[in-house]
Amino acid sequence: MTAADNPTAPVKYKRVMLKISGEALMGDQGYGLHPPTVARIAQEVKSVRDMGVEVCMVIGGGNIFRGLAGSAQGMERTTADYMGMLATVMNALAMQSALEQLGVFTRVISAIPMDQVCEPYIRRRAVRHLEKKRVCIFAAGTGNPYFTTDTAATLRANEMACEAIFKGTKVDGVYDKDPKKHADAKRYEEVSYDECLAKHLGVMDASAIALARDNDLPIIVFSLDEPGGFKGILAGQGTYTIVRG
Ligand code: UDP
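Owing to the predicted nature of the structure, the values given are computational and were not obtained by experimental measurement.

A. Region of interest: the site of the ligand. Inspection of the region around the ligand gives 19 residues, with Arg66, Asp81, Thr142, Asn144 and Thr149 positioned closest. One of the backbone nitrogen or oxygen atoms of Met85 is found 3.4 Å away from an oxygen atom of the ligand. Relative to its free-state accessible area of 520 Å², the ligand is covered by the protein chains to the extent of 93%. In terms of residues, the shell around the ligand owes the most to one element, helix 3 (residues 77-101), which gives 3 residues.

As structure tokens, this is what we get:
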């Protein structure tokens, strides 16, 4: 039995933020939502919640719409960004549905009020949901254009007093160059916020990294494609990169 299978193994963090891109939900389709992929990720989240960890989530919208792409094609930027934020709400609802099918109580909490669809963001209420072991999915980013969901994840992680941000990606950490293109790419065990910024290591966008740095919030970059990977790290195992000061 590994530590990840042992329910009595010490858990490294009590409250975490999981940030995934919208593209993580599209499977091999190249666009939109792939329900079996959403269900697989929901299972990963459930296994961490079942360890007693309080889980916050932010899901991007890039599988549906990105403001920058819209504005590059001539749309007015702020309108395009609002469309991007609405895309994140669709992804959050898909994840809520998948989690609830697994019996995990979940709240979608939107930075842009849409009362018929989900809850508005009220910090104290969200904290209470977490204390009751409900998974909180924060949708609509920060509610402001010119930001990304990486920054939204960092902002909410600070507000919710998360101990770390888990950034689920396609690779098992931060590399000095793209490991899919360079066989000699080296993975960092640990890297500082400033090095990430100076070397443009692509962990998260610069405003998100600066916000994490200024609040001493570690970012753990790990592979979401590795089954049991999220849970394993919480139990002190697995490969990942930790970004901290
Ligand atoms: N967005 C925004 N403000 C925010 C968060 C997101 O305007 O606080 C918009 C922005 O247009 C962005 C889109 O929502 O391109 C989708 O978010 P993101 O690009 O971060 O998604 P991901 O790349 O993680 O899938």
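Still more to cover.
B. Spotlight on the packing of aromatic side chains. Inspection of every chain in the model, using the stated rule, returns 5 aromatic pairs. Between Tyr13 and Phe166, the ring centres sit 6.0 Å apart and the planes meet at 85°, which makes this aromatic pair edge-to-face. In this pair, Tyr13 sits in the segment before strand 1 (15-20) while Phe166 sits in strand 6 (residues 164-169), placing the two residues 153 residues apart along the sequence. Phe166 shares its class with Tyr13; the two are buried.

C. Expanded view of the layout of surface pockets. In this structure, the second largest pocket encloses a volume near 150 Å³. Residue lining of the second largest pocket: 12 residues in total, with Glu226, Gly229, Ile233, Gly238 and Thr239 positioned closest to the centre. Looking at the lining of the second largest pocket, the elements that each hand over two or more residues are strand 8 (219-223) and helix 8 (229-234).

D. Fine view of the pairing of strand 2 (residues 54-59). Burial of strand 2 is extensive: 6 of the 6 residues sit out of reach of the surface. Pairing of strand 1 with strand 2, which is carried by 6 bridges, proceeds in the parallel orientation. Looking at strand 2, one finds that Val16 is bridged to Val55. Running through helix 1 (residues 35-49), the crossover from strand 1 to the neighbouring parallel element strand 2 is right-handed. For strand 2 and strand 5 (residues 135-139), the ladder comprises 3 bridges, and the chain directions are parallel. From the neighbouring strand, Val58 faces strand 5, where its bridge partner is Phe138.

E. Main features of unusual backbone geometry. Phi is positive for Tyr146, close to 70°, though the residue is something other than glycine. Take Tyr146: it is sitting in the loop between strand 5 and helix 5 (149-159). Given a relative accessible area of 53%, Tyr146 falls into the exposed group. In this structure, His200 takes a positive phi of about 50° despite not being glycine.

F. Here's a closer look at the pattern of salt bridges. Applying the stated criterion to the full structure yields 20 salt bridges. The partner of Lys177 in a salt bridge is Asp184, with the nearest N and O atoms 3.2 Å apart. Judged by relative accessible area, Lys177 falls into the partly exposed class, the value being 32%. In this structure, Glu195 and Lys199 form a salt bridge, with 2.7 Å as the shortest nitrogen-oxygen distance. Overall, Glu195 belongs to the partly exposed group, its relative accessible area being 26%. Residue class for Lys199 comes out partly exposed when judged on its relative accessible area of 48%. Each of the salt bridges in this network shares a partner with another, and the network as a whole consists of Arg15, Glu54 and Lys133.

G. Layout of the confidence of the model for the protein. Here the protein averages 95 in pLDDT, while 96% of its residues score no lower than 70. The least confident element of the protein is helix 2 (residues 67-72), whose mean pLDDT is 95; the most confident is strand 5, at 99.

H. Here's a closer look at the UniProt feature "binding site: ATP" (unreviewed entry) in the protein. When the UniProt feature table is mapped onto this chain numbering, "binding site: ATP" (unreviewed entry) sits at Lys19, Ile20, Ser21, Gly22, Gly62, Arg66, Thr169, Tyr175 and Asp178. These annotated residues cover 160 residues of sequence, and their C-alpha atoms reach 25.3 Å apart at the extreme, placing them across more than a single site. With respect to the element layout, Ile20 can be found in strand 1. On the basis of relative accessible area, Ile20 is assigned to the buried category, the value being 0%.

About the thresholds
- Residues numbered from 1 in each chain as written.
- Predicted model: local features only at pLDDT ≥ 70, side-chain atom pairs only at ≥ 80, totals over all residues.
- Heavy atoms only, no water.
- Near = heavy atom within 4 Å.
- Polar contact = N/O pair within 3.5 Å; in protein donor to acceptor, adjacent residues only side chain to side chain.
- Areas by Shrake-Rupley, 256 points an atom, 1.4 Å probe, with all protein chains shown as cover.
- Helix = DSSP H or I, 4+ residues; strand = E, 2+ residues; numbered from the N terminus.
- Phe/Tyr/Trp six-rings, centres within 6.5 Å; stacked < 30°, edge-to-face > 60°.
- Buried < 20%, exposed > 50% of the residue type's maximum accessible area, 1.4 Å probe, protein only.
- 1 Å grid on protein atoms, 1.4 Å probe; cavity = no way out; pocket = protein on both sides within 12 Å on 5 of 7 lines; lining within 4 Å.
- Points joined across faces, edges and corners; volume = space filled by probe spheres on them.
- Pairing = 2+ DSSP bridges.
- Right-handed = clockwise from strand over helix to strand, strands pointing away.
- Salt bridge = Lys/Arg side-chain N within 4 Å of Asp/Glu carboxyl O.
- pLDDT = per-residue confidence, 0-100.
- UniProt positions renumbered as here; feature names shortened; annotations may be inferred.

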